[in-house]
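Topology and contacts: notes
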Amino acid sequence: MCKGTIFNIQKFSTNDGPGVRTTVFFKGCPLRCKWCANPESQSTAVQILYDQRRCTKCSACVHTCPQKAVSLQDKVVTIDPERCVGCLQCVHDCPEEALSYEGEAKTVQEVVKVCLQDKDFYETSGGGVTISGGEGLAQPEFLEELLTALKQQQIHLALETTGYAEPPVFQRLAPMFNLLLFDVKHYDSDRHYAGTHVHNGPIVENLQWAIAQKIPVLPRIPVIPGFNRSLKDAAGLAALLTRVGAERVQLLPFHQFGENKYHKLHQEYAYEAVAALHEEDLADYRQVFLDQGIDAFF
């Protein structure tokens, strides 16, 4: 039985495509964006999160871990990822709920059952199910089985994607969706690599292919300070979108919603204390796209 690694199923979502939606978050991503709002989505492994504010330093987690992966160092609980096998014993035995976890293996049937609970809302609102992440295309076999099952229920399907996948995988799965919400992060491949740890070649190729196949695609640009925020960057991105045939783009101003997750994961956050951007900050940036005939909106 095919299983996928999921870290959240969010019901009544209204920002991940049209109408009321259920968003299924796949765990695992080939990119390592320095500003990622869901750092828990990057690894495919089950991860333990630690909330130091709740912890009373009782050491219950240290004593209960069968792998000796948990320790108390300088009054801070530390999880050794090389020893941790994701058994979750420490989470279950923490009396203050200072430990939580992200990631769980689920069958297609388990995910479909949750999604179908709100089918009536999809039909009345024009909504459906959105695959997000992480990157759903990184689990292609499970994703294909899930899409096949949901399409049998005539549910509108959207994909929030980095676009980073082998072209044969992308070309097999992309046509199964009614809408692609496709991130475009930078026009320059080397600068794309500096910010995400991958080059943008496959992303641009997949975007151009999807548009040429007339699959409904909405390119989206996360506007990130110090990465793609300048007007020169806007011009380069507008030129890229024009080249691949895109006529619309959604601008996503940088925010700090994921900052606390880095603390819980004991991970360094490159954008610590960087000010968030707002729509009014990006009026000139948006105008660059409008001047090139691209409908840019927030």
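Note: the structure precedes this text.
Residues numbered from 1 in each chain as written. Predicted model: local features only at pLDDT ≥ 70, side-chain atom pairs only at ≥ 80, totals over all residues. Heavy atoms only, no water.

Some details on the pattern of salt bridges
Put simply, the rule reads: Whenever a carboxyl oxygen of Asp or Glu lies within 4 Å of a side-chain nitrogen of Lys or Arg, that contact is scored as a salt bridge. Helix numbering and strand numbering both begin at the N terminus, where a helix is a DSSP run of H or I of at least 4 residues and a strand a DSSP run of E of at least 2. Accessibility here uses a 1.4 Å probe with only protein chains present; expressed as a share of the type maximum, an area under 20% marks a residue as buried, one over 50% as exposed, and anything in between as partly exposed.
Scanning the entire structure with this criterion turns up 10 salt bridges. In this structure, R172 and E144 form a salt bridge, with 3.1 Å as the shortest nitrogen-oxygen distance. You can see R172 sitting in helix α6 (residues 167-173) and its partner E144 sitting in helix α5 (residues 140-151), a full 28 residues away along the chain. Judged by its relative accessible area of 36%, R172 falls in the partly exposed class. On the basis of relative accessible area, E144 is assigned to the partly exposed category, the value being 27%. Bridged by salt links that share partners, the residues E160, D183, K185 and R220 form one connected network.

Focus on the nonpolar core
In plain terms, the rule: Only buried Ala, Val, Leu, Ile, Met, Phe, Trp, Tyr and Cys residues count toward a nonpolar core, and they belong to the same one when joined by side-chain atoms within 4.5 Å. Contacts are residue-level and defined by heavy atoms, with any inter-residue pair within 4.5 Å sufficient.
Counting 66 residues, the largest nonpolar core has I131, I221 and F289 as the members making the most contacts within it. Apart from the residues within four sequence positions on either side, I131 is in contact with V24, F26, G136, L143, L146, L147, A158, L159, E160 and F177. Formed by 16 residues, the second largest nonpolar core is a distinct cluster that contains C65, I79, L88 and V91.

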